[in-house]
Amino acid sequence: GAGVSQTPSNKVTEKGKYVELRCDPISGHTALYWYRQSLGQGPEFLIYFQGTGAADDSGLPNDRFFAVRPEGSVSTLKIQRTERGDSAVYLCASSRGGTGYNEQFFGPGTRLTVL
Amino acid sequence: GENVEQHPSTLSVQEGDSAVIKCTYSDSASNYFPWYKQELGKGPQLIIDIRSNVGEKKDQRIAVTLNKTAKHFSLHITETQPEDSAVYFCAASPTGANSKLTFGKGITLSVRP
C-alpha cells in the first residue's frame, strides 16, 4: 500500500513569509508525528498527534510553529514569519497507534529553504 | 530529557566485512530502540528494532544488541554490500513507539566494492 506522503517535496520562501507543509499518513494510522532534520543531524521531534488531538507538542520551538490534524488523517504544519534558521527537512511519520510498540513510518520529507 | 549519542560518525568497510555501530542513551526509562537507514533524498526507513525485555534480535544480515545496565545498544551488519551504504540512525523512546523518538546524529556507512 501507499506509504506516508508529504507535499511539497521542496519549498523555497522568503524570510517573514508563511508556509504550510502537508502530510498524508498511511491509511488507518491513528498516530502522526512531525520531526525536523537539519543538515548532518538526526531528526528532532516537534509534535505528536493521536487522532485529532496533539498529545505532545513539547518539541515545537516557539509559537511561530503550529500543526493541525482536524479529521484525524491529513496533518498540516504551519510556520509563520519564517526565519532563515527554519531551513531544514521537515519529516512526517505515522504509526498504527493503540497499545504496544508500533513502528513509525517516515515520509520523504519537505525540504524548506528560507532565503 | 533523553540524550542519544552515536559513535563513530563515519565508518568505511570493505564489501563482505562486518560493520558495527554503537549508541548510548541517558534515560533509564527508555525501553524501545529502533534503527533507521536513510538514503540520500529519502526519509528514514526502519530496519530493525529492539525492546528492553530482550538482549538481542536478528534479521538476516542485521542484528541489534542491547545492554540496559550500561545503557548502550549496537547495530551489527554482516557480509556488507555496496547497497548498505547510507546514513544509519539509532533512536530511543521512553514510553514505547507511541511517543517521541530521540535520535542520534547518525553515522555515514560506506561499503567499498
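In what follows, the accompanying structure is described. (Residues numbered from 1 in each chain as written. Chains lettered and ligands numbered in written order. Predicted model: local features only at pLDDT ≥ 70, side-chain atom pairs only at ≥ 80, totals over all residues. Heavy atoms only, no water.)

**Observations concerning the overall build of chain B**
Along its length, chain B carries zero helices and 11 strands. For chain B, the succession of helices and strands along the chain, N to C, is β-β-β-β-β-β-β-β-β-β-β. Expected size for 113 residues packed as a compact globule is a radius of gyration near 13 Å; at 13 Å, chain B falls within 12% of this value. Considering only C-alpha atoms, chain B reaches an extent of 40 × 30 × 20 Å along its principal axes. Per-residue burial for chain B yields a buried fraction of 45% across its 113 residues. (Helix = DSSP H or I, 4+ residues; strand = E, 2+ residues; numbered from the N terminus. Rg over C-alpha atoms; globule rule 2.2 N^0.38 Å. Buried < 20%, exposed > 50% of the residue type's maximum accessible area, 1.4 Å probe, protein only.)

**Quick look at the pairing of strand E4 (residues 31–37) of chain A**
Residues and elements named next belong to chain A. Burial within E4 is extensive, with seven of its seven residues counted as buried. Neither face of E4 is exposed, since Ala31, Tyr33, Tyr35 and Gln37 on one face and Leu32, Trp34 and Arg36 on the opposite face are all buried. The hairpin turn running from E4 into strand E5 (residues 44–50), its antiparallel successor, is six residues long, and Gly40 in that turn takes a positive phi close to 80°. Bridge count between E4 and strand E9 (residues 88–95): seven bridges; the pairing is antiparallel. Bridged to Trp34 within E9 is Cys92. (Pairing = 2+ DSSP bridges.)

**Focus on the interface of chain A and chain B**
In this complex, chain A contributes 24 residues to the contact, which on the side of chain B involves 21 residues. Carbon and sulfur atoms supply 51% of the area buried between chain A and chain B, which totals about 1,700 Å² over both sides. If you look at where chain A meets chain B, you find zero salt bridges. By residue number, the principal contributor to the side of chain A that touches chain B is E4(A), which donates four residues. Here the residues of the side of chain A that touches chain B are counted per class, giving 10 nonpolar, 12 polar and two charged. (Contact = heavy atoms within 4.5 Å. Buried area = accessible area lost by both parts, 1.4 Å probe. Salt bridge = Lys/Arg side-chain N within 4 Å of Asp/Glu carboxyl O. Nonpolar A, V, L, I, M, F, W, Y, C, P; charged D, E, K, R; others polar.)

**Structural notes on the pattern of salt bridges**
Residues and elements named next belong to chain A. The full count for this structure, using the stated rule, is eight salt bridges over all chains. Across the salt bridge formed by Arg64 and Glu83, the nearest N and O atoms sit 3.5 Å from each other. Within this pair, whereas Arg64 is found in the loop between strand E6 (53–56) and strand E7 (65–68), its partner Glu83 is found in the loop between strand E8 (75–79) and E9, the two being separated by 19 residues in sequence. One continuous salt-bridge network, built from bridges that share partners, spans Arg64, Glu83 and Asp86.

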